[in-house]
Amino acid sequence: MGATLPTLLLTRPRDSAEYFATAANWPGRVVISPILKVVLRDITPPAPGCAVVVTSQHGVRALAAVTARRDWPMWCVGPGSQAAAQAAGFSDLRAGGGTADRLFTQLCAERPQQHLVHLCGAHVTGDLAGRLNAAGLRARAVICYDQLAQKLSDAARACLMAPGQVVVPVFSPRSAALLAHAWRDLPNPQAQIYAVAISDAAAAGLAGVPLSGLWIAKTPDQPGMLNAVALLQATLEPDQNPR
């Protein structure tokens, strides 16, 4: 009998977690337990002469839910948000480079004349609109969704309390901190935790969790996270890789 394969524990919102699990092609068990619930707000659509900036697919969903208009110029931070925008019927799309910093650099280089409306969540790690205004562009942030903390599912709690290897990708400082809080509340956690963090700040959110290993993505985006997960998988499961 071979050793049990590590479990992949994903705490992203379910749609994002399922997309990531499929892209990762994880050979072992996958447990999805969203630690944040996204709740869309009822926003007022931007004026016709504006342009839209989205840094997540939730911003796309929030705008699509309140208007039938689909003709705003829209800068999408990465392929996930761009795919969501295409699926929702938005047609005037521009790729943003994969991270908020690259998107900021691109907007500063292109210097669009429209007023930029950044559709964002209630919890963000940076002030993109403020940075754009400081760079001489016209921008404002519109909070269009909330991210409400959720308890871990019974399946997630069980895998953390049982002996075995558990791989945990964390995509933001807040989700990492919520996971660390949930870990501290467990009565007898025994899992060996191997974390993959999208950034040093996200890794710092896991303070208090006794990690058996930590990988930081080389780029703070989904491809970087997938590459880091693949490297970790190769470390933990050398016999599963083609010879």
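Predicted, not measured: the structure shown is a model, and the values here were computed from it.

**Describing the sheet that holds strand β3 (residues 36-40)**
Then step 1. The strand order β3-β8-β7-β4-β5-β6 describes an open sheet built from six strands, whose pairing is mixed. Because the sheet does not close on itself, it has two edges, and the strands there are β3 and β6 (93-95). Strand-to-strand twist across the sheet, computed as the mean angle between neighbouring axes with direction ignored, equals 25°.
Then step 2. Note that strand β4 (residues 51-54) and strand β7 (residues 116-121) share four bridges and pair parallel. By the bridge assignment for β7, V53 is matched with H118.
Then step 3. Of the strands in this sheet, β4, β5 (74-76), β6 and β7 touch helix α4 (residues 100-110), which is tilted by about 145° from β5.

**Remarks on α4**
Then step 1. Within α4, burial applies to L103, F104, L107 and C108. In an axial view of α4, the angular spread of the buried residues amounts to 135°, which keeps them on one side of the axis. Exposed and oriented more than 90 degrees from the buried face of α4 are T105 and A109.
Then step 2. Just past α4, the residue R111 takes up positive phi, approximately 50°.

**Re the environment of A180**
Then step 1. Structurally, A180 can be placed in helix α7 (residues 173-185).
Then step 2. Taking relative accessible area as the criterion, A180 reaches 1% and is therefore assigned buried.
Then step 3. Considered as a pair, A180 and Q165 are 15 residues apart in the sequence and their alpha carbons are 17 Å apart.
Then step 4. Residues contacting A180, with those up to four places away along its chain left out, are G205, L206, A207 and V209.

About the criteria used
Residues numbered from 1 in each chain as written. Predicted model: local features only at pLDDT ≥ 70, side-chain atom pairs only at ≥ 80, totals over all residues. Heavy atoms only, no water. Pairing = 2+ DSSP bridges. Helix = DSSP H or I, 4+ residues; strand = E, 2+ residues; numbered from the N terminus. Axes fitted to C-alpha atoms, helices over the stretch in contact; angles between N-to-C directions. Contact = heavy atoms within 4.5 Å. Buried < 20%, exposed > 50% of the residue type's maximum accessible area, 1.4 Å probe, protein only. Arc of directions from axis to C-beta.

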